[in-house]
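# Coordinate analysis (summary)
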Amino acid sequence: MLRVAVCVSGGGTNLQAIMDAAASGKISNSKIVQVLSNNPGAYALKRAKKAGLPAVCVSRADHSDREDYNRVLLETLQSAEPDLIVLAGFLVMIPAAMVRAFPNRIINIHPSLIPSFCGTGYYGLKVHEGVLARGVKVTGATVHFVDEGMDSGPIILQKPVAVRDDDDARSLQLRVMEEAEWKILPKAIDLIANGKIGVEGRRVTIAEDLDMFAL
Ligand code: GRF
């Protein structure tokens, strides 16, 4: 049984997709053992509490410096003894010590087709604003392992989403969430929970005949 900790900062729609997928059996062999947020006002925490999940907030405002915050963040996660940490809209730079403590056991959902529109400054709506400004016709979402860089770890799953002429950043963000994020993040967790993911250097292999476009 894969023990999963989910880190959130905002609305928690990706957390909700994970919870719904677990309830419907689309994710098997796993259990959410902690939901952690850096934001005391995150609606994601309300979603977790409503579902009866252990929910905790580690707020930067409660810690005198970044080093102290990073230590408490890692200790709080480790207290739940997770096998996998899922960053589901978590707007905190993951400390190197945390990456080292969980090698290829932290995954992140990013709302673009990495390596496009990622890295410093690309988060939330800013990703979709960049997509529209560049005029690309296809965007999407990516689930990847977290390494010590930003959005730079081995890619697990991606799903494309067409950009429409009448899109604005918000309509595009919502469609990328609905058509891509909420599908590939639960799928990635299920694949990991059932031992179907292998990592060879920077390449991820999937031991399932998967049609990513049909997810
Ligand atoms: C989403 O756009 C996600 O791609 C990004 O953070 C945003 C918040 O998602 N990583 P959620 O509703 O809090 O899951």
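Just so you know, these numbers come straight off a predicted model, no measurement behind them. (Residues numbered from 1 in each chain as written. Predicted model: local features only at pLDDT ≥ 70, side-chain atom pairs only at ≥ 80, totals over all residues. Heavy atoms only, no water.)

### Concerning the sheet that holds strand β7 (residues 155–162)
To keep things clear, this is the line we draw: Two strands make a pair as long as DSSP finds a minimum of two bridges between them. Every helix listed is a DSSP run of H or I at least four residues long, and every strand listed is a run of E at least two residues long, numbered separately from the N terminus. To get an axis, a line is fitted to the C-alpha atoms, and for a helix only the part in contact is used. The angle between two axes follows their N-to-C directions and goes from 0 to 180 degrees.
A sheet is described by the order of its strands in space; here 7 strands give the open sequence β3-β2-β1-β4-β5-β6-β7, paired in mixed fashion. Two strands in the sheet have a free side with no partner beyond their single neighbour: β3 (55–57) and β7. Each strand axis lies, on average, 20° off the axis of its neighbour in the sheet, ignoring direction. As defined by bridge partners, strand β5 (residues 106–110) adjoins strand β6 (residues 138–145) across 4 bridges and the pair is classed as antiparallel. What sits directly across from H110, in β6, is T142.

### A closer look at the environment of I94
What counts is decided by this rule: For this analysis, residues touch if any pair of their heavy atoms sits within 4.5 Å.
Relative to the elements of secondary structure, I94 occurs in the loop between β4 (84–87) and α4 (96–101). Taking C-alpha positions, I94 is 8.8 Å from D147, a pair spaced 53 residues apart along the chain. Residues in contact with I94, not counting those within four places in the same chain, are L87, V99, I106 and V146.

### Observations concerning the nonpolar core
Just so we agree on the cut-off: For this analysis, a nonpolar core means a set of buried residues of the types Ala, Val, Leu, Ile, Met, Phe, Trp, Tyr and Cys, connected via side-chain atoms within 4.5 Å. Burial classes follow relative accessibility: with a 1.4 Å probe on protein chains only, a residue under 20% of its type's maximum area counts as buried, one over 50% as exposed, and anything between as partly exposed.
Counting residues in each nonpolar core, the largest one holds 43 residues, and the members touching the most others are V6, L15, V86, I107, I156, L185 and I189. Broken down by element, the residue count for this core peaks at 10 residues, all from helix α6 (residues 169–193). In this structure, I189 is in contact with L2, V4, I18, I27, L84, V86 and I107, ignoring residues within four places of it in sequence. Counting residues in hydrophobic clusters, the runner-up holds 19 residues, among them A5, L36, Y69 and L87.

### A short note on the state of the cysteines
Filter applied, for reference: By convention in this document, the label disulfide applies to cysteine sulfur atom pairs within 2.5 Å.
Summed over the entire model, instances satisfying the criterion amount to 0 disulfides. Of all cysteine sulfurs in the structure, the one in C57 sits closest to C7, which takes part in no disulfide; the separation is 11 Å.

### A look at the site of the ligand
How we decide: Being near a molecule or strand, for a residue, means having at least one of its heavy atoms within 4 Å of it. Two N or O atoms form a polar contact when they lie within 3.5 Å of each other; inside protein one atom must be a possible hydrogen donor and the other a possible acceptor, and for residues adjacent in sequence the pair counts only when both atoms belong to side chains. For this scheme, ten residues count as nonpolar: Ala, Val, Leu, Ile, Met, Phe, Trp, Tyr, Cys and Pro. Four count as charged, namely Asp, Glu, Lys and Arg, and the remainder, Gly too, count as polar.
The ligand sits among G10, G11, G12, T13, N14, A88, G89, I109, P111, Q173, M177 and E181. In the environment of the ligand, an oxygen atom lies 2.8 Å from a nitrogen or oxygen atom belonging to the backbone of N14. Mapped onto the shell around the ligand, the elements with two or more residues apiece are α1 (13–24) and α6. A total of 3 residues in the shell around the ligand trace back to one element, the largest contributor, which is α6. Of the residues assigned to the shell around the ligand, the class counts are 4 nonpolar, 7 polar and 1 charged.

### So, the environment of N104
For N104, the position within the fold is in the loop between α4 and β5. Spatially, the C-alpha atom of N104 lies 13 Å from that of A193, the residues being 89 residues apart in sequence. With residues up to four places along the chain from it excluded, the contact list for N104 reads F145, P154 and V199.

### Quick word on unusual backbone geometry
The step from I114 to P115 runs through a cis peptide bond, and the omega angle for that step is 15°. Although it is not a glycine, N104 adopts a positive phi angle of roughly 50°. For N104, a relative accessible area of 38% corresponds to the partly exposed category. Of note in this structure, D151 is not a glycine but carries a positive phi near 60°. Structurally, D151 can be placed in the loop between β6 and β7. Under the relative-accessibility criterion, D151 is labelled buried at 12%.

### Points about the pattern of salt bridges
Quick reminder of the rule: The rule for a salt bridge is simple: a side-chain nitrogen of Lys or Arg has to be within 4 Å of a carboxyl oxygen of Asp or Glu.
If you walk through the whole model with that rule in mind, you get 7 salt bridges. Taking the shortest distance from any N to any O, the salt bridge between E148 and R100 comes out at 3.7 Å. Separated by 48 residues along the polypeptide, E148 in the loop between β6 and β7 and R100 in helix α4 bring together distant segments of the chain. Using a relative accessible area of 48% as the deciding quantity, one classes E148 as partly exposed. Exposure remark for R100: the relative accessible area of 54% places this residue in the exposed category. Among the salt bridges present, the one from E208 reaches K196, with a minimum N-O distance of 2.8 Å. In this pair, E208 sits in the segment after β9 (203–206) while K196 sits in the loop between α6 and β8 (197–200), placing the two residues 12 residues apart along the sequence. Linked through salt bridges whose partners overlap, the residues forming this network are D68, R71 and E75.

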